[in-house]
Protein chains: 2
Amino acid sequence: MYKCSLERMKDMIQTFSKYGDAGHGGITRYSLSPEAIQARKEYQRRMEAIGAEIEVDDVGNMYATIPGSDPNAKRIVMASHVDSVRNGGNYDGILGVMSAMEVLTTVVEQKIPHKHPLTAMIWTNEEGSLYPPAMMCSGIVCYDYLPDHIKPSFRYEDMMASKDILTGKTTFGEALEKSGYKGDKKYRLSPDRYKCYFETHIEQGPILEDNGNDIGVVDCVLGMFIDKIAFYGQTTHAGTFPMGKRRDAFYAASQALQYLHTEIDKLGHPELVYTTGEVVCHPNVHTCVPDYFDFYLDVRHEDPKVLEQVLNIVKSLESKNWAGCQCKVERGWNRDTVYWDKKLVSYVKESCEELGVSHQYIHSGAGHDAQFAAYVLPTTMIFVQSKDGLSHCEPEYSKPEHCTEGASVMLNAVLKADKDD
Amino acid sequence: MYKCSLERMKDMIQTFSKYGDAGHGGITRYSLSPEAIQARKEYQRRMEAIGAEIEVDDVGNMYATIPGSDPNAKRIVMASHVDSVRNGGNYDGILGVMSAMEVLTTVVEQKIPHKHPLTAMIWTNEEGSLYPPAMMCSGIVCYDYLPDHIKPSFRYEDMMASKDILTGKTTFGEALEKSGYKGDKKYRLSPDRYKCYFETHIEQGPILEDNGNDIGVVDCVLGMFIDKIAFYGQTTHAGTFPMGKRRDAFYAASQALQYLHTEIDKLGHPELVYTTGEVVCHPNVHTCVPDYFDFYLDVRHEDPKVLEQVLNIVKSLESKNWAGCQCKVERGWNRDTVYWDKKLVSYVKESCEELGVSHQYIHSGAGHDAQFAAYVLPTTMIFVQSKDGLSHCEPEYSKPEHCTEGASVMLNAVLKADKDD
């Protein structure tokens, strides 16, 4: 068994935390921003220092590759992203890039024999925080391999035209040109040149911590759907309109939300998660009864039959009376559960066992670039314990010891994959 | 009994509806905007045509006055506003100005004898839609007469610095200078020069229509309070965080809203109105559990004891557990019920009876400039039936026949006041 370096991991965490440091423990590092470019240059400097060759594809995805013993063998790639959400933490995304770099560095330093070239990769714009949507560039690169129902939102031209949501002035395409990271399409991740795909990421949930396990052996990304649930009432004056005649869309929505919680909880699926995180209230004036209110409902579970049960509850909202308001349900989007490659999952599990690292099987509730890569290459993921399950916020934290264990698990799993052909 | 002209009322409604016509039945006519200045010029033209003398005070309030038989008598003023909310209707505010103009025009045309000078007045910026707050200029003019607890928000300097909420670029003070309607402070409404105050307005509610009455004899503006009710939870990822550990601030707020409706309705006060029209959700992203949600609660009733009962329910929210979130209640503002002058109210009632106009006593649930004027002069209001109770929206409508009846009632009530000294 080979082990990665805790000292190097600590150094990388400290170094990358400077790029976009927001001054209170976290970072804001939008894709293609000056801060993200600092992170890319640091990655490039470190990878060139160990003799890796750098390629950049036409959407800015970066590939640092060290050769294997067989010049004709396909590459094994380890990928993640360096961009963050606004006021995010120092682990989401970047941990996967640091882990990939650490694997390559350990292989070079310890002269670990391997047949396949090994690649540490950066995906451009995973978060989509400045230029929506999330997982933009894995979506573009994997587009031709994706099933039809998730294809349309990832057309190349649409993505290039995606506007900076803060100013509306720059498009993603313009930012890419300006960044200097618009490379060649021929370097894109593809089954012709790559053998399989690994991604290490923080868990972003409390399950590993609650169970006292350092590492998660991820088996799938959960299936999900997002619906918009809208309520149509009548706006009237707060002071002049009797209560009995009102059609208050916010009150209607709050009744429906209680109903959803009650009915969905009755289904009794402990692993089911559902979230109503985004609302619109109109006209949103304290002296007016709202004539419109909507919220998004985000539902995730491995089993499509469970999602179907929840969907039936959601659909039933439309035929009920919510404080005199009409209810309409509109499909946002959905995805099926994406299962990781069974052989790669077993390599991760065996590596945990051989390294003596505490671990468990876990699903990924969050989306990752890996879920698109899975349609192109055999793919799997490794999770590292998150403190308090927090992510996408400044208190996001994973112990450097656990981060290093994650890299060591990935290293040994990669070496198992290296030998399986 | 004297009667106003239906034809002139129809002509005025049509004419003023052009100033700020939004193209689909309503207007957007922010205070001091080019559209509002068109309306002011039309008022000035019509008032000068009947021989009225125009005065403008230092915050742009306009006073058109025709003389009475006693050169030393104080003026009787009829006032309202020409500005509207965004996409408002053709009656709110402007009906009171048209009614005042119609009273003066009828008095001149029919040579109706009267002792006191009569004034048709425009208040600047009643809505506060572009430069908050609402009732800004009545607040400034009446400032010295107001009880302490409603004074602080109407300091002259603060109002002049109030910024255009659409662009943030112009202040109310700058807009006033630029408009050409910054006149002389000596013309302000005051008890030295004015005897009493009338204001005609649309009801903005369905009570008159439901009861088959054309005119409302208003006896007071309802007491009210506005509180902000905030919920503090924890933001976590929609896909990775188990339901049982979540602290969802939107869900907490929706539970508390159900509780408020249940408990307040139990009090059994049919005239009580309460509204939750404005919300904030943070971070308001569909993949994040909200860590913060607030809504405003606006409560109105004539009896302070009833408001106290509601306040006790609101305060009780803080000590309860709302989906694991903390609740804090913050006082927005409040006002006591403002009663109109009993003698003036009786003049309005008698005028309705003498004219054979269907009418009833009614409270004003909405705020009006009259409520500040009431601290300066004996004051009352007249309501005109609103179709479907709608206001602050394009379908806002009152029949021209009812509008003319409202003006006739005001005319005869003014003539009663003219004779009572």
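Residues numbered from 1 in each chain as written. Chains lettered and ligands numbered in written order. Predicted model: local features only at pLDDT ≥ 70, side-chain atom pairs only at ≥ 80, totals over all residues. Heavy atoms only, no water.

(A) Seen up close, the overall build of chain A. A tally of regular secondary structure across chain A gives 12 helices and 14 strands. In terms of overall size, chain A behaves like a compact globule, its C-alpha atoms giving a radius of gyration of 23 Å where 421 residues would be expected to give roughly 22 Å. For chain A, the spread of C-alpha atoms along the three principal axes comes to 80 × 45 × 40 Å. For chain A, buried positions account for 61% of its 421 residues. Once local pairs closer than 6 in sequence are excluded, the contacts in chain A between residues at least 24 apart make up 79%. Of the accessible surface of chain A, which amounts to about 15,600 Å², a share of 50% is contributed by carbon and sulfur atoms. Here chain A carries 44 positive and 60 negative side-chain charges, and the mean point of each set is 3 Å from the other. (Helix = DSSP H or I, 4+ residues; strand = E, 2+ residues; numbered from the N terminus. Rg over C-alpha atoms; globule rule 2.2 N^0.38 Å. Buried < 20%, exposed > 50% of the residue type's maximum accessible area, 1.4 Å probe, protein only. Contact = heavy atoms within 4.5 Å. Areas by Shrake-Rupley, 256 points an atom, 1.4 Å probe, with all protein chains shown as cover. Lys, Arg positive; Asp, Glu negative; His and termini not counted. Charge placed at Lys NZ, Arg CZ, Asp CG, Glu CD.)

(B) Broad picture of the interface of chain B and chain A. Facing the 55 residues of chain B at the interface are 55 residues of chain A. Across the chain B/chain A interface, buried area totals approximately 4,600 Å², and carbon plus sulfur atoms make up 62% of it. Contact with chain A buries surface across chain B, with M243, F250 and H286 of chain B losing the most and accounting together for 14% of the total. Taken together, chain B and chain A are joined by 2 salt bridges. Among the salt bridges present, the one from D210 of chain A reaches K245 of chain B, with a minimum N-O distance of 2.9 Å. Applying the counting criterion to the chain B and chain A interface returns 18 residue pairs in polar contact (both at pLDDT 80 or more). (Buried area = accessible area lost by both parts, 1.4 Å probe. Salt bridge = Lys/Arg side-chain N within 4 Å of Asp/Glu carboxyl O. Polar contact = N/O pair within 3.5 Å; in protein donor to acceptor, adjacent residues only side chain to side chain.)

(C) How the structure looks around the packing of aromatic side chains. Across all of its chains, the model carries 22 aromatic pairs over all chains by this definition. Among the aromatic residues, those joined into a ring-pair cluster are F231, F250, F293 and F295 of chain A together with F231, F250, F293 and F295 of chain B. Stacked on the ring of Y232 of chain A, the Lys or Arg K328 of chain A has its end atom at 5.4 Å from the ring centre. (Phe/Tyr/Trp six-rings, centres within 6.5 Å; stacked < 30°, edge-to-face > 60°. Lys NZ or Arg CZ within 6 Å of the ring centre and 35° of its normal.)

(D) Spotlight on the relation of the copies chain B and chain A. Laying chain B over chain A is done by rotating through 180° and shifting 0.0 Å along the axis; what remains is an RMSD of 0.0 Å. Each copy turns onto its partner about a two-fold axis. No C-alpha of chain B approaches the rotation axis more nearly than that of S254 of chain B, which lies at 2.4 Å. The fraction of interface residues of chain B whose copies in chain A are also interface residues reaches 100%, indicating that both copies meet through the same surface. (Least-squares fit on C-alpha atoms with pLDDT ≥ 70 in both.)

(E) Inspection of helix α1 (residues 6–16) of chain A at higher detail. All names here are of chain A. Three or more residues of α1 are buried, namely M9, M12, I13, T15 and F16. Along the long axis of α1, the arc covered by the buried residues comes to 170°, so they all point the same way. Exposed residues lying more than 90 degrees from the buried face of α1 are E7 and Q14. Packed against the buried residues of α1 are α2 (34–49), α3 (94–109) and α12 (400–418). At the N-terminal end of α1, a side-chain oxygen is found 3.3 Å from the backbone nitrogen of E7, two or three residues along, and the residue is S5. (Arc of directions from axis to C-beta.)

(F) Spotlight on the packing of α1 of chain A against α3 of chain A. Residue and element names in this part refer to chain A. Contact geometry for α1 and α3: axes closest at 10 Å, N-to-C directions at 140°. Classified by the angle their axes make, α1 and α3 are oblique. Classified by chirality, the crossing of α3 by α1 is right-handed. Listed contacts from α3 to R8, M9, M12, I13 and F16 of α1 are I94, L95, M98, S99, M101, E102, T105, T106 and E109. (Axes fitted to C-alpha atoms, helices over the stretch in contact; angles between N-to-C directions. Parallel < 35°, antiparallel > 145°, perpendicular 65-115°, else oblique. Left-handed = near helix turned anticlockwise from the far one by under 90°.)

(G) Expanded view of unusual backbone geometry. The amide bond that connects P132 of chain B to the next residue, P133 of chain B, takes the cis arrangement and shows omega of 0°. Positionally, P133 of chain B belongs in the loop between β4 (118–123) and α4 (136–142). For Q204 of chain A, which is not glycine, the phi torsion reads 65° and is therefore positive. A positive phi angle, close to 55°, is found at H392 of chain B, a residue other than glycine.

(H) Region of interest: empty space enclosed by the protein. Scanning all chains against the criterion turns up 3 cavities of 30 Å³ or more. Within this model, the largest cavity holds a volume of roughly 40 Å³. Around the largest cavity, the lining residues are T235, T236, H237 and C288 of chain A together with S391 and H392 of chain B. Of the residues belonging to the lining of the largest cavity, the class tally is 1 nonpolar, 5 polar and no charged. (1 Å grid on protein atoms, 1.4 Å probe; cavity = no way out; pocket = protein on both sides within 12 Å on 5 of 7 lines; lining within 4 Å. Points joined across faces, edges and corners; volume = space filled by probe spheres on them. Nonpolar A, V, L, I, M, F, W, Y, C, P; charged D, E, K, R; others polar.)

(I) Geometry of the pattern of salt bridges. Under the defined criterion, the tally for this structure stands at 42 salt bridges over all chains. Here R46 of chain B makes a salt bridge to E42 of chain B, at a shortest N to O gap of 2.7 Å. On the criterion of helical spacing, the pair formed by R46 of chain B and E42 of chain B is a turn pair, its members being 4 residues apart in helix α2 (residues 34–49). Taken as a pair, R46 of chain B and E42 of chain B share a single burial class, namely buried. Put simply, D421 of chain B and K115 of chain B hold a salt bridge, and the shortest N to O gap is 3.2 Å. Linking D421 of chain B in the segment after α12 (400–418) with K115 of chain B in the loop between α3 (94–109) and β4, this pair joins segments that are 306 residues apart in sequence. Look at the salt bridges and you will find they share partners, linking K115, K195, K343, D420 and D421 of chain A into a network.

(J) Main features of the pairing of strand β10 (residues 292–301) of chain B. Residues and elements named next belong to chain B. For β10, the tally of buried residues reaches 9 of 10 residues, placing the bulk of the element in the interior. Pairing of strand β7 (residues 223–232) with β10, which is carried by 10 bridges, proceeds in the antiparallel orientation. What sits directly across from A230, in β10, is D294. Alignment of strand β8 (residues 273–275) against β10, held across 3 bridges, turns out to be antiparallel. Bridging from a neighbouring strand, T275 pairs with D298 of β10. (Pairing = 2+ DSSP bridges.)

(K) Focus on the confidence of the model for chain A. In the predicted model, chain A carries a mean pLDDT of 96, and 100% of its residues have values of at least 70. Across the predicted assembly, pTM comes out at 0.88 and ipTM at 0.88. (pLDDT = per-residue confidence, 0-100.)

(L) Structural detail: the environment of S346 of chain B. Residue and element names in this part refer to chain B. With respect to the helices, strands and loops of the structure, S346 is situated in helix α10 (residues 342–355). It is 8.6 Å that separates the C-alpha atoms of S346 and A413, two residues lying 67 residues apart in sequence. Side-chain polar atoms of S346 contact the backbone oxygen of K343, separated by 2.6 Å.

(M) Representation of the side chain of T119 of chain A. All names here are of chain A. In this structure, T119 sits in strand β4 (residues 118–123). Judged by its relative accessible area of 0%, T119 is buried. Of note is the side chain of T119, whose polar atom sits 2.9 Å from the side chain of T65. If we ignore the near neighbours within four places in the chain, the residues touching T119 are Y63, A64, T65, R75, I76, V77, M78, L104 and Y194.

(N) Up close: the state of the cysteines. Residue and element names in this part refer to chain B. Tallying each qualifying case throughout the model produces 0 disulfides over all chains. Not engaged in a disulfide, the cysteine C281 finds its nearest cysteine sulfur in C288; these two sulfurs lie 10.0 Å apart. Assessed through its relative accessible area of 11%, C281 is described here as buried. (Disulfide = S-S within 2.5 Å.)

(O) Representation of the pairing of β7 of chain B in the model. All names here are of chain B. Burial runs high along β7: 9 of the 10 residues are buried. Where β7 lies against strand β11 (residues 326–335), 9 bridges are found, and the strand directions are antiparallel. Residue pairing in the sheet places K228 in a bridge with E330 of β11.

(P) Inspection of the packing of helix α8 (residues 249–266) of chain A against helix α8 (residues 249–266) of chain B at higher detail. At a minimum axis separation of 9 Å, α8 of chain A and α8 of chain B run at an interaxial angle of 110°. For the element pair α8 of chain A / α8 of chain B, the angle class is roughly perpendicular. The handedness of the crossing between α8 of chain A and α8 of chain B comes out as left-handed. The residues of α8 of chain B that touch α8 of chain A, namely those facing F250, Y251, S254, Q255, L257, Q258 and H261 of chain A, are F250, Y251, S254, Q255, L257, Q258 and H261 of chain B.

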